[in-house]
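Coordinate inspection notes
Chain by chain, the residues:
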Amino acid sequence: MLILLGGFGWGFTYVFDHRPADNLSGYCDIDFQTGVDINGKINSATLTIQDYRYSSANLLTAMTMICDDDTYTMEAAVRQTPPSYSLAFYNDKTTLKNTNKLFVEFPPESFDSMRKAEVITIQFAYDNGDKVSLPLSEPDMEYWKDHLKDQRK
């Protein structure tokens, strides 16, 4: 019985950590933000990704963005928060799962590529060899493009 339970548990956690998704926001939580200068021109764009996994593998400190034919590889800040084991404060995202957070600032030269792109794909990886490569959903693409418009005064 213990062998069956252990096999099921391992299989479930493996399948969850390697779950399929059609787009990035379907796989993990994302937060895209931009900043403007005093003239309303976009001067910064950042992306925060939060991925919840049973695996204790750490995120690598790099992320790649592919905008149609343009590729940008950026240094990322990463952090892993250990899981919560409290069933009294159960949370379907953090109970028994590691929270992996990746933060990256896009280079200014990528802004035009993002504005014009038909497809934007984000790639990141873990130190155990797991790789995630997913495009943005259509609503996310529109959100990014809308936020990348200069707000001229």
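Sequence order sets the numbering: in each chain, residues are counted from 1 along the sequence as written. Note on the predicted model: pLDDT of at least 70 is required for a residue's local features to be given, and 80 or more for side-chain atom pairs to be given and counted; whole-chain, interface and lining totals, by contrast, use all residues. Side-chain measures here rest on the full set of heavy atoms in the structure, leaving out hydrogens and waters.

**A few points about the overall build of the chain**
- In this description a helix means any DSSP run of H or I spanning at least four residues, a strand means any run of E spanning at least two, and both kinds are numbered starting from the N terminus. Secondary structure summary: the chain contains four helices and eight strands in total.
- From first element to last, N terminus to C terminus, the chain shows the α and β order α-α-β-β-β-β-β-β-α-β-β-α.
- Any residue under 20% of the maximum accessible area for its type is buried, any over 50% is exposed, and the rest in between are partly exposed; the area is computed with a 1.4 Å probe on protein chains only. Taking all 153 residues of the chain together, 38% fall into the buried category.
- Whether two residues are in contact is decided by their heavy atoms, any of which lying within 4.5 Å being enough. Contacts in the chain between residues far apart in sequence, at least 24 positions, make up 66% of those at least 6 positions apart.

**What to know about the nonpolar core**
- Judged by nonpolar contacts, the single largest core of 32 residues is most densely connected at Met 63, Met 65, Phe 106, Ile 120, Ile 122, Phe 124 and Trp 144.
- Not counting residues within four places of it along the chain, the set of residues in contact with Phe 124 comprises Leu 24, Tyr 27, Ile 49, Asp 51, Leu 59, Ala 62, Met 63, Leu 102, Lys 131 and Val 132. Among the buried residues, those of types Ala, Val, Leu, Ile, Met, Phe, Trp, Tyr and Cys that are joined through side-chain atoms within 4.5 Å form a nonpolar core.

**Quick notes on the sheet that holds strand S3 (residues 59-67)**
- Pairing between two strands requires that DSSP report at least two bridges joining them. The sheet built from four strands is open, its strands ordered S4-S3-S7-S8 with antiparallel pairing. Whereas interior strands pair on both sides, the edge strands pair on one side only; in this sheet they are strand S4 (70-75) and strand S8 (131-135). The average undirected angle you get between the axes of adjacent strands in this sheet is 15°.
- Here S3 runs beside strand S7 (residues 120-126); their pairing, made up of six bridges, is antiparallel. Each residue of the ladder has a partner; that of Cys 67, found in S7, is Ile 120. Whenever a helix is involved, its axis is fitted only over the stretch in contact; in every case the axis is a line through C-alpha atoms, and angles between N-to-C directions fall within 0 to 180 degrees.

**Overview of the packing of aromatic side chains**
- Stacked, edge-to-face and tilted labels apply to pairs of Phe, Tyr and Trp rings (six-membered ring for Trp) whose centres lie within 6.5 Å, assigned for plane angles under 30 degrees, over 60, and everything in between, in that order. For the structure on display, the rule yields four aromatic pairs.
- Each ring, one from Phe 32 and one from Phe 106, has its centre 6.1 Å from the other, and the planes form 50°; the classification is tilted. With Phe 32 in strand S1 (residues 29-36) and Phe 106 in the loop between strand S6 (98-105) and helix H3 (111-116), this residue pair connects regions lying 74 residues apart in the sequence.
- Residue class for Phe 106 comes out buried when judged on its relative accessible area of 2%.
- Summarising the aromatic geometry, the rings of Phe 32 and Trp 144 are spaced 4.2 Å apart at their centres and angled 10° between planes, so their arrangement reads as stacked. Taken together, the residues Phe 32 in strand S1 and Trp 144 in helix H4 (residues 138-147) connect sequence positions 112 residues apart.

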